[in-house]
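# A closer look at the structure
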Amino acid sequence: MTETFQSSFKTLEYEKVIIKLSEQTVSKLGKEKVRTIKPSNNKDIILEQLEETEDAALLMRLRGGIPLAAFEDIRPHLKRVRVHGSLNGTEVAQIGRLLRTLREIKTFFRKAEEEDIPLHRLYEKINKLETFNALEKKIFNIVDEGGYVLDDASSKLKGLRDGIKQTESRARQKLESIVRGPQSRFLSDALITMRNDRYVIPVKAENRSVFGGVIHDQSSTGQTLFVEPQSVVDLNNRLRQYQVEEKYEVERILAELTVEIEPYREDLEEHLRLLVELDVIQAKGRFAKAIKAVKPRISTDNHVELYQARHPLLADDEVVPNDIIIGEEYKTMIVTGPNTGGKTVALKTLGLLQLMGQSGLFIPAEEGSTMGIFSSVYADIGDEQSIEQSLSTFSSHLTKIVNILKQMDDKSLILLDELGAGTDPQEGAALAIAILDAIAQSGSYVMITSHYPELKAYGYNRPETINASMEFDVDTLSPTYRLLIGIPGRSNAFEIARRLGLDSMIIESAKQLMSGESQSVDQMIEDLESKRKQADSEAGKATRKLKDVERLHRELEAEYKAYQDEKEQLRKKAETQANTYLEKKKQEAEAIIKDLRQKQLEGHTGEPLKEHEFIDVQSRLSHLKTEEESLKKNKVLQKQKQKKALKVGDSVEVQSFGQKGILVEQADKSHWVVQMGMLKMKLPESDLVQIMREKEPKQGISIRRSSSAGVSTEIDVRGERVEEALNKVDQYLDQALLANYPKVTIIHGMGTGAVRKGVQQFLKKHSQVKEFSDAPANQGGNGATIVTFK
């Protein structure tokens, strides 16, 4: 980076911006780091820094910013740890606070990631960050926030401090009895104070021998002596001894803690560096919010388009936003117009915003603004006459311009204020034109201000060159500070003179003295301004409409995405709820069927199930189905149902509890009687899904327990040999499968365990057995095995 380039930082007030930025940091190290920020011409670095700033700005908006508390420079502490020195309580507390900040930041970003906050760079940076929970806890178990070693840091320390409190209390009690008792007449004041870390009382000089003890101090007049009475000397001695022991104990505790910190020394140094980076990044985000800045686009072709650009150091009520465009259609802009019209501010705004963007800062402009990437930004602005070198204003400016011309290249941005001023106007104009030609020949980008009318013609005649001016309101006789690109500045002297009351004959006489060419140029400029205002008005309307459309489009996109996300969440939620509901109802159905079978098995006379009991079972089963309207609203369940025309004899699946059955008869328009194994139930049609066609079942099926044809849900093989028991179990399992039983119980007793072992080995190999286990304790425990079929 050349000296001329660096000198432009001061000229463009870049250093003031950096100072403002540093005020947004929370640490001294962050402030120092900000002061070293310089513009880059590397696109990847610029993009990375801008995206970091964008992340910080987003977190500021959504979560109030990174929870980055103020932290100290702990490098001196870590250096002393490295040479086996001991840290004091304040230094240990500073390390502890830094560790807590690390933990809070890690938690903050974990929650941000869970909430899907889109960040470009900071997640990757935070992944390098670790937490030191054990060390943090250890530190704050020993010291408080201010570094004071806590009483509970060790039992010995607690004992010593208890002793100090008790001894202090006793010493003060003794002195209180003197101060408030009859001996108070010997005192110059009724108070207890400290001298040399010992309790004393103020005694009149003539009464010095009344209390005995030790004199520690006297007043400036010598009339008051600060005496430690003999009655508290022993207590003060004991207090002092406690205090010395306390000091040594605190030093021992801190020395041990310092040893525990040492293994983390290098990690802490690295994490301190990460915290400083986060401090700088957050400062950029805060600064962007403070100056209402936006992230600029980047043009590697240096097509600069700054819309409604504002100077960041000017107050909102003082600055006039301007569109500054250069680089694509023209690389040279010549700004003319009256003094104090804002030409220099426009010049500085372009250079300063470009430097800010290349430093990874947001720029105070509108969304959609584009910055270039220049190898250098050179500026010669204002009167920088060198008194030491006795150079004139003209010479001072020219010296700087000479250095710029030597160092510029085709990617330089050059800003020149009042080019050619300070000398003969004719020569100055000619020199300005020659300098612009030299700059154009090198391919550099340049924006200049000037008063010379010759440069207006240059702006029309040279390729890649455009005129511009600062608008002047003739009605109010004041500048508006608006930059008008494409329109050269013109003199408003005649109009101003007329409004100020100058005789019209004098004004007309003055006009006659002007060349016809000059008058034509002024008339042309006036026409251009009129057309420009009309075009600006129409363009403004179009721009506002376009922005409204773009905003609406963004809102619709966001709403559509939110709708799709919510739709997907509802779908998943519905699936989960439906599956949970079906599983619950299936379990309830199995419990009802089990209860029904149990009632069947309890009968010993072969009597059929009583009518009221059967009705009760049917009622309980029918109540398993949710309200029809609720299921209709559940799209997940609707998709699972394949409604087809049903008729007697069809095989169906009863969705309420996942069982297959056969349609026996149609009870009414919306209900069917379904035979499921040994059960016959009346079920709603909406709960049935056709799976295949089967022949009409034989009539006469009823829920009746028959001792000759019925199959029990359990078999007893106690007392049988293993081989006989297995034969009976094999036959029984076949019968139970034909009866469509989901579970059966095999009672084999405990005995020697041989039958139990043989049965369970047989069950392991059976193809239709899903699982088996010992019966619950209240049903026989390991004397019976419960078998579940597939």
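Right, let's walk through the structure included here. (Residues numbered from 1 in each chain as written. Predicted model: local features only at pLDDT ≥ 70, side-chain atom pairs only at ≥ 80, totals over all residues. Heavy atoms only, no water.)

## Structural notes on the overall build of the protein chain
How we decide: Runs of H or I in DSSP of at least four residues are treated as helices and runs of E of at least two as strands, each being numbered from the N terminus. Every residue pair with non-hydrogen atoms within 4.5 Å of one another is taken to be in contact. In these tables, accessible area is a Shrake-Rupley quantity obtained with a 1.4 Å probe, and a residue counts as shielded only by the protein chains included in the view.
What the protein chain contains, in helices and strands, is 23 helices and 23 strands. Long-range contacts, defined here as pairs at least 24 residues apart, represent 67% of the contacts in the protein chain between residues at least 6 apart. For the protein chain, the computed accessible surface area is about 43,700 Å², with 48% contributed by carbon and sulfur atoms.

## Description of the environment of asparagine 88
Relative to the helices and strands, asparagine 88 is located in the loop between helix 5 (75-82) and helix 6 (89-114). Between the alpha carbons of asparagine 88 and leucine 254 there is a distance of 6.6 Å; along the sequence they are 166 residues apart.

## Observations concerning the sheet that holds strand 2 (residues 198-204)
By way of backbone hydrogen bonds, the strands of a sheet pair with one another, either parallel or antiparallel. Basically, it comes down to this: Any two strands with at least two DSSP-identified bridges between them are counted as paired. Under this scheme, a helix contributes an axis fitted over its contacting stretch, all axes are lines through C-alpha atoms, and angles between N-to-C directions fall in the 0 to 180 degree range.
Pairing in this open sheet of four strands is antiparallel, and the strands run 1-2-4-3 from one edge to the other. Unpaired on one side and paired on the other, strand 1 (193-195) and strand 3 (214-218) mark the two borders of the sheet. Along the sheet, successive strands turn relative to each other by an average axial angle of 50 degrees, direction set aside. Direction of pairing for strand 3 relative to strand 4 (residues 224-228): antiparallel, over a ladder of four bridges. What sits directly across from valine 214, in strand 4, is glutamate 228.

## With respect to the environment of serine 86
Looking at the element boundaries, serine 86 is found in the loop between helix 5 and helix 6. The residues touching serine 86, leaving out its near neighbours within four places in the chain, are Arg80, Glu251, Leu254, Ala255 and Thr258.

## Examining a negative patch on the surface
Defined as follows: Exposure above 30% relative accessible area and the absence of a salt bridge qualify a residue for a patch, where like charges join within 9 Å and nonpolar side chains (Val, Leu, Ile, Met, Phe, Trp, Tyr) within 5 Å. Note on definitions: salt bridges are taken to be side-chain nitrogens of Lys or Arg within 4 Å of carboxyl oxygens of Asp or Glu. A positive count includes Lys and Arg, and a negative count includes Asp and Glu. His and the chain ends are not counted in either. Note that the charge is assigned to NZ on lysines, CZ on arginines, CG on aspartates and CD on glutamates.
A cluster of acidic side chains, namely Glu130, Glu266, Asp267 and Glu269, defines a negative patch on the protein surface. Topologically, glutamate 130 is positioned in the loop between helix 7 (122-126) and helix 8 (133-142).

## A word on the nonpolar core
For clarity, the cut-off: As used in this record, nonpolar core signifies buried Ala, Val, Leu, Ile, Met, Phe, Trp, Tyr and Cys residues forming a set joined through side-chain atoms within 4.5 Å. For the exposure calls, accessible area comes from a 1.4 Å probe over protein chains only, and a residue counts as buried if that area is under 20% of its type's maximum, exposed if over 50%, partly exposed in between.
Leu350, Met356, Leu415 and Met447 are the most contacted members of the largest nonpolar core, which has 68 residues in total. Ranked by the residues each element gives to this core, the list is headed by helix 12 (residues 343-358), at seven residues. With sequence-adjacent residues up to four places away left out, leucine 415 is seen in contact with Leu12, Leu347, Leu350, Gly351, Val377, Tyr378, Ala379, Asp380, Ile381 and Met447. Formed by 45 residues, the second largest nonpolar core is a distinct cluster that contains Ile66, Leu87, Tyr123 and Val149.

## Regarding the sheet that holds strand 12 (residues 445-450)
The mixed open sheet is built from six strands, whose spatial order is 10-11-12-8-13-14. Each of the sheet's edge strands pairs with one partner strand only, and the pair in question is strand 10 (376-380) and strand 14 (478-485). Within the sheet, the average angular offset between the axes of one strand and its neighbour, ignoring direction, is 15 degrees. Bridge count for strand 8 (residues 332-336) against strand 12 is five bridges, and the pairing is parallel.

## As for the packing of helix 6 against helix 8
Rules: If an angle is under 35 degrees, it is roughly parallel; if it is over 145, roughly antiparallel; if it lies from 65 to 115, roughly perpendicular; otherwise it is oblique. Note on convention: near helix rotated counterclockwise from far helix by under a right angle means a left-handed crossing. Clockwise means right-handed. Under this grouping Gly is polar, as are all residues other than the nonpolar Ala, Val, Leu, Ile, Met, Phe, Trp, Tyr, Cys and Pro and the charged Asp, Glu, Lys and Arg.
Interhelical geometry of helix 6 versus helix 8 gives an angle of 140 degrees and a closest axis separation of 9 Å. Classified by the angle their axes make, helix 6 and helix 8 are oblique. In this structure, helix 6 crosses over helix 8, and the sense of that crossing is left-handed. Only Asn133, Leu135, Glu136, Ile139 and Phe140 of helix 8 make contact with helix 6, whose side of the interface consists of Val92, Ala93, Ile95, Gly96, Arg97, Leu99, Arg100 and Arg103. Classifying every residue of the contact of helix 6 with helix 8 gives seven nonpolar, two polar and four charged.

## Quick notes on the side chain of glutamate 51
Summarising the element assignment, glutamate 51 is placed in helix 4 (residues 43-63). Here glutamate 51 falls in the buried class, since its relative accessible area comes to 14%. If we skip the residues at most four places from it in the chain, glutamate 51 touches His120, Arg121 and Lys295.

## Observations concerning the packing of aromatic side chains
The description of two aromatic rings rests on the distance between their centres and on the angle between their planes. Note the following rule: Note on aromatic pairs: the rings of Phe, Tyr and Trp (six-membered ring only in Trp) are paired at centre separations within 6.5 Å, and the planes decide the class, stacked below 30 degrees, edge-to-face beyond 60, tilted for the rest. Put simply, a charge is over a ring when the Lys NZ or the Arg CZ is close to the ring centre, within 6 Å, and near the line of the ring normal, within 35 degrees.
This structure, assessed with the given rule, holds seven aromatic pairs. A centroid spacing of 5.0 Å and a plane angle of 45 degrees characterise the contact between phenylalanine 9 and tyrosine 14, whose relative ring orientation is tilted. A relative accessible area of 3% means that phenylalanine 9 is categorised as buried. For tyrosine 14, a relative accessible area of 1% corresponds to the buried category. Both rings, one in tyrosine 560 and one in tyrosine 563, keep their centres 6.5 Å apart while their planes meet at 40 degrees; by these two values the pair is tilted. One end of the pair, tyrosine 560, and the other, tyrosine 563, are both in helix 18 (residues 516-602), three residues apart, so they sit about a helical turn from each other. Assessed through its relative accessible area of 51%, tyrosine 560 is described here as exposed. Taken together, Phe108, Phe109 and Tyr123 form an aromatic cluster joined through their ring pairs. The cationic tip of arginine 195 hangs over the ring face of phenylalanine 226; the distance from NZ or CZ to the ring centre is 4.1 Å.

## What about the side chain of threonine 465?
On the secondary structure map, threonine 465 appears in strand 13 (residues 465-473). Under the relative-accessibility criterion, threonine 465 is labelled buried at 12%. Excluding its chain neighbours within four sequence positions, the residues that come into contact with threonine 465 are Tyr330, Thr332, Ile334, Tyr458 and Gly459.

## Quick notes on the pairing of strand 11 (residues 412-416)
Threshold: Seen with its strands pointing away from the viewer, a crossover is right-handed if its path from the first strand over the helix to the second goes clockwise.
With respect to burial, strand 11 is a largely interior element, five of its five residues being buried. Every second residue of strand 11 is oriented toward a common face, with Ser412, Ile414 and Leu416 on one face and Leu413 and Leu415 on the other, all of them buried. Since strand 11 and strand 12 lie parallel, the crossover through helix 14 (residues 425-442) that links them has a hand, and here it is right-handed.

## Observations regarding the pattern of salt bridges
Counted under the stated rule, the structure contains 37 salt bridges. Ionic pairing is found between arginine 161 and aspartate 151, a salt bridge with its closest N-O pair at 2.7 Å. In this pair, arginine 161 sits in helix 9 (residues 155-179) while aspartate 151 sits in the loop between helix 8 and helix 9, placing the two residues 10 residues apart along the sequence. Judged by relative accessible area, which is 5%, arginine 161 ranks as buried. Aspartate 151 gets classed as partly exposed once you look at its relative accessible area, which sits at 22%. In this structure, the salt-bridge partner of glutamate 256 is arginine 252, at a minimum N-O distance of 2.7 Å. Placement of both glutamate 256 and arginine 252 in helix 10 (residues 230-261) is noted, with a separation of four residues, approximately one turn of the helix.

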